[in-house]
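Okay, here's what each chain looks like letter by letter:
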Amino acid sequence: MANNLKNIEQAYELAKARYAELGVDVEAAIKAADETPISLHCWQGDDVGGFENPEGDLSGGIQVTGSYPGKARSPEELRADIDMAMSLIPGKQRLNLHALYLESEGFVDRDQIEPEHFANWVNWAKGKGIGLDFNPSLFSHPKSADGMTLTHPDADVRAFWVEHCKRSRKVSEYFGKELGTPSVMNIWIPDGSKDYPADRLGSRSRLVESLDEILKEDISREFHKDAVESKLFGIGAEAYTAGSNEFYLGYAATRKILLCLDAGHFHPTEVISDKISAVSLFVDEMLLHVSRPMRWDSDHIVLLDDETQAIANEIVRCGLVNRVNIGLDFFDASVNRIGAWVLGTRNMRKALLKAFLEPTEQLKKAELEGNNTKRLTLMEELKVMPWSSVWDYYCMQNGMPGGIEWLQTVETYETDVLSKRA
Ligand code: RNT
Ligand code: ZN
């Protein structure tokens, strides 16, 4: 082990010297990557099930596939699993909760949720010194069964969901107050239709009305921030999605709230990395749902692929670290769920580290001078720079393995804990 640590240090020193030749301050890059928060999504741990109704089925046009054993069945199990995952991921973390993950004595419907139903989560977060983010849950419920919530033609159904969202904002505000860091609350609705609608305008007008009603109460941004998430289509909502990109871009810009960009919510060749700079000129803060769509909005585990890297590069190159909130959104039930969290989140962190290890000013200078040969050559060179030696060192500083040794810890936990869950 001691030998191994020494090798990591030596490799790091060599890497540092190589990066210095490019004018990159490696220590500053490590610090910046470490301090950029990533919000882990609670729903990878139990296939977006939650604790409202143990028999509840996932609906709303999203799907989890796979039946890997050992999913969390209670808040205690889920928190233990998140503890395990977080212990293997370096850097500043947050937890992103859905309203479905409330804790109560007996059934509490969505229009009845209170901050107290999330007190255990807050205490847990306090113990870890992390922030919480929140989401109202407008799916997996009888009142969303026909694929409409805030756009529903029935005013009573709309009112039910408006009330849920209003109460969710109070939960989010409570998180911010208790934890000293604002909670980003994201509204995503499944609303759309399987076949061609006759009145898109009517439906979208109702959505504006519902959202305006939800946002009526002013809540300090010191505690809570509102975000809205667009989407292209869902299973069973192929022809029309009310909350499209244009809809929410306009809504977020005019209401001065956050826009959420989910990597899986656009046409297959469209990428959110390209949207970050554009949106930043009109919306002051963003939320990202970093995900990996495969042929559709499949929510595969985030890889260290070109798009994940491009997202990180854009955040860093545009100087948007303080205006882009990074959240993850994937749910894979075909593999060890803790492994999924660790792998996907470490990939996002790696992408951030690589982005901070870039000589951005040099790239921009070459571009301004019209030296596109240099720009491209430098970009290619960065791919083979010894960033992984910096990563290993950074992980070592955090008392974590840089390589795949973390998998052993996850496998031991699977044997000792997960495999005992019926
Ligand atoms: C669905 C959206 C939404 C959900 C989570 C559970 O397509 O991406 O963000 O995945 O809120
Ligand atoms: Zn999403």
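Everything in this summary refers to the structure shown in the same document. Just so you know, the residues in each chain are numbered from 1, in the order the chain's sequence is written. As they are written, the chains are lettered A onward and the ligands numbered 1 onward, keeping that order. In keeping with the predicted nature of the model, local features appear solely for residues at pLDDT of at least 70, side-chain atom pairs appear and are counted solely at 80 or more, and the whole-chain, interface and lining totals rest on all residues. Only hydrogens and water are removed before side-chain values are computed, so all heavy atoms of the structure are retained for them.

## Some thoughts on the site of ligand 1
Lining the immediate surroundings of ligand 1 are W43, I62, H98, W188, E229, K231, D262, H265, H289, D297, D329 and F331. Any pair of nitrogen or oxygen atoms within 3.5 Å is treated as a polar contact; in protein, a donor-acceptor pairing is required on top of that, and neighbouring residues in sequence qualify only through side-chain atoms on both sides. At a separation of 2.7 Å, an oxygen atom of ligand 1 approaches a polar side-chain atom of E229. Interatomic distance of 2.7 Å between a side-chain N/O atom of K231 and an oxygen atom of ligand 1. Where accessible areas are quoted, they stem from the Shrake-Rupley method and a 1.4 Å probe; at the residue level, only the protein chains shown are allowed to cover. Expressed as a share of its isolated accessible area of 310 Å², the protein-covered part of ligand 1 is 100%. Amino acids are sorted into nonpolar (Ala, Val, Leu, Ile, Met, Phe, Trp, Tyr, Cys and Pro), charged (Asp, Glu, Lys and Arg) and polar (every other residue, Gly among them). Per-class residue counts for the shell around ligand 1 are 4 nonpolar, 3 polar and 5 charged. Whether a residue is near a molecule or strand depends on its heavy atoms: if one lies within 4 Å, it is near.

## Describing helix α11 (residues 360–368)
Buried within α11 are the following residues: T360, L363 and A366. Seen end-on, α11 carries its buried residues on one side only, within an arc spanning 130 degrees. Across from the buried face of α11, at angles greater than 90 degrees, the exposed residues are E361, K365 and L368. Here, residues are in contact when the closest pair of their heavy atoms is within 4.5 Å. Secondary structure elements follow DSSP: runs of H or I of four or more residues count as helices, runs of E of two or more count as strands, with numbering from the N terminus. Considering only its buried residues, α11 is in contact with α9 (306–317) and α12 (372–383). Of the residues trailing α11, G370 is marked for its positive phi of about 80 degrees. Under the scheme applied here, a residue whose accessible area is under 20% of the maximum for its type counts as buried, over 50% as exposed, and between as partly exposed, the area being computed with a 1.4 Å probe on protein chains only. This arc describes the spread of directions from the helix axis toward the C-beta atoms.

## Points about the coordination of the zinc ion (ligand 2)
Note that water is not among the atoms used; donors are N, O and S atoms within 2.8 Å of the metal (3.2 Å for Na, K and Ca), so sites may look incomplete. Of the protein atoms, only E229 (OE), D262 (OD), H289 (ND1) and D329 (OD) coordinate the zinc ion (ligand 2), at distances of 2.1 to 2.2 Å. Square planar and octahedral sites, with four and six donors, are those where opposite donors lie more than 155 degrees apart and all other angles lie between 65 and 115, tetrahedral sites have four donors with every angle between 85 and 135 degrees, and the rest are irregular. Classification of the site at the zinc ion (ligand 2) rests on its 6 donor atoms, whose angles at the metal span 72 to 170 degrees, yielding the label octahedral. Mapped onto the polypeptide sequence, the residues donating to the zinc ion (ligand 2) form the spacing pattern E-x32-D-x26-H-x39-D. With E229 in strand β6 (residues 224–229) and H289 in strand β9 (residues 286–290), the pair connects residues that are 60 residues apart, well separated along the chain. Per residue, the accessibility class of E229 equals that of H289, and both read buried.

## Re the state of the cysteines
Disulfide assignment relies on a single distance test, namely cysteine sulfur atoms paired within 2.5 Å. Counted according to the given criterion, the structure contains 0 disulfides. The thiol of C318 is not disulfide-bonded; the next cysteine sulfur, from C260, is found 18 Å away.

## Comments concerning the pattern of salt bridges
We define a salt bridge as a contact between a side-chain nitrogen of Lys or Arg and a carboxyl oxygen of Asp or Glu at a distance within 4 Å. Taken as a whole and judged by the stated rule, the model has 31 salt bridges. Close ionic contact of D133 with R94 constitutes a salt bridge, the shortest N to O distance being 2.9 Å. Residue D133 is located in strand β3 (residues 131–135), and its partner R94 is located in strand β2 (residues 93–98); the two are separated by 39 residues in the primary sequence. With respect to burial, D133 and R94 carry one shared label: buried. Where K170 meets E217, a salt bridge forms, and the shortest distance between an N and an O atom there is 2.9 Å. Taken together, the residues span a long stretch of sequence, with K170 in helix α5 (residues 155–179) and E217 in the loop between α6 (200–214) and β6 at a distance of 47 residues. Judged by relative accessible area, E217 falls into the partly exposed class, the value being 41%.

## A look at the side chain of E314
Checked against the element boundaries, E314 lands in helix α9. Summary of buried charges: E314 has no salt-bridge partner, and the nearest side chain of opposite charge, R317, is 4.4 Å away. Excluding residues that lie within four positions of it along the chain, E314 makes contacts with S273, I276 and S277. This count recognises Lys and Arg as positive and Asp and Glu as negative, with His and chain-terminal groups excluded.

## Concerning the nonpolar core
Buried Ala, Val, Leu, Ile, Met, Phe, Trp, Tyr and Cys residues that are joined via side-chain atoms within 4.5 Å together make up what is termed a nonpolar core. Within the largest apolar cluster, 119 residues are counted, with the highest numbers of intra-cluster contacts made by L95 and W121. Considering each element in turn, this core owes the most residues, 10 residues, to helix α10 (residues 337–356). Not counting chain neighbours up to four residues away, the residues in contact with W121 comprise F51, L78, R79, I82, L95, L97, Y101, E103 and L132. V184, A227, C260 and L287 belong to the second-largest nonpolar core, a separate cluster that totals 5 residues.

## Points about the packing of helix α8 (residues 273–280) against α9
The description of two helices packed together rests on the angle between their axes and the distance between the axes. A fitted line through C-alpha atoms serves as each axis, taken over the contacting stretch for helices, and the angle formed by two N-to-C directions is quoted from 0 to 180°. At their nearest, the axes of α8 and α9 sit 8 Å apart, and the two run at 25 degrees to each other. Considered as vectors, α8 and α9 are oriented roughly parallel to each other. Seen from above, α8 lies across α9 with right-handed handedness. Touching S273, I276 and S277 of α8 are E307, A310, I311, E314 and I315, all from α9. Looking at the contact of α8 with α9, its residues break down into 4 nonpolar, 2 polar and 2 charged. If an angle is under 35 degrees, it is roughly parallel; if it is over 145, roughly antiparallel; if it lies from 65 to 115, roughly perpendicular; otherwise it is oblique. Crossing handedness: left-handed means the near helix sits turned counterclockwise from the far one by under a right angle, and right-handed means the same turn made clockwise.

## Examining unusual backbone geometry
Glycine aside, the phi torsion of most residues is negative, and most peptide linkages are trans. In this structure, D47 is a non-glycine residue whose phi angle is positive, near 60 degrees. As for its position among the elements, D47 is in the loop between β1 (38–41) and α3 (75–86). If you check the backbone angles, R295 has positive phi at about 70 degrees while not being a glycine. Judged by its relative accessible area of 82%, R295 falls in the exposed class.

## What to know about the packing of aromatic side chains
Pairing of aromatic rings covers Phe, Tyr and Trp, the last through its six-membered ring, and needs centres within 6.5 Å; plane angles under 30 degrees mean stacked, over 60 mean edge-to-face, and all others mean tilted. The full count for this structure, using the stated rule, is 12 aromatic pairs. A ring pair is formed by F118 and F175, whose centres lie 6.2 Å apart and whose planes are at 80 degrees; its orientation type is edge-to-face. With F118 in the loop between β2 and α4 (119–128) and F175 in helix α5, this residue pair connects regions lying 57 residues apart in the sequence. In this pair, the class of F118 matches that of F175, namely buried. On the numbers, 5.1 Å between centres and 85 degrees between planes, the contact of F247 with Y248 is edge-to-face. The class for F247 is buried, based on a relative accessible area of 13%. Given a relative accessible area of 1%, Y248 falls into the buried group.

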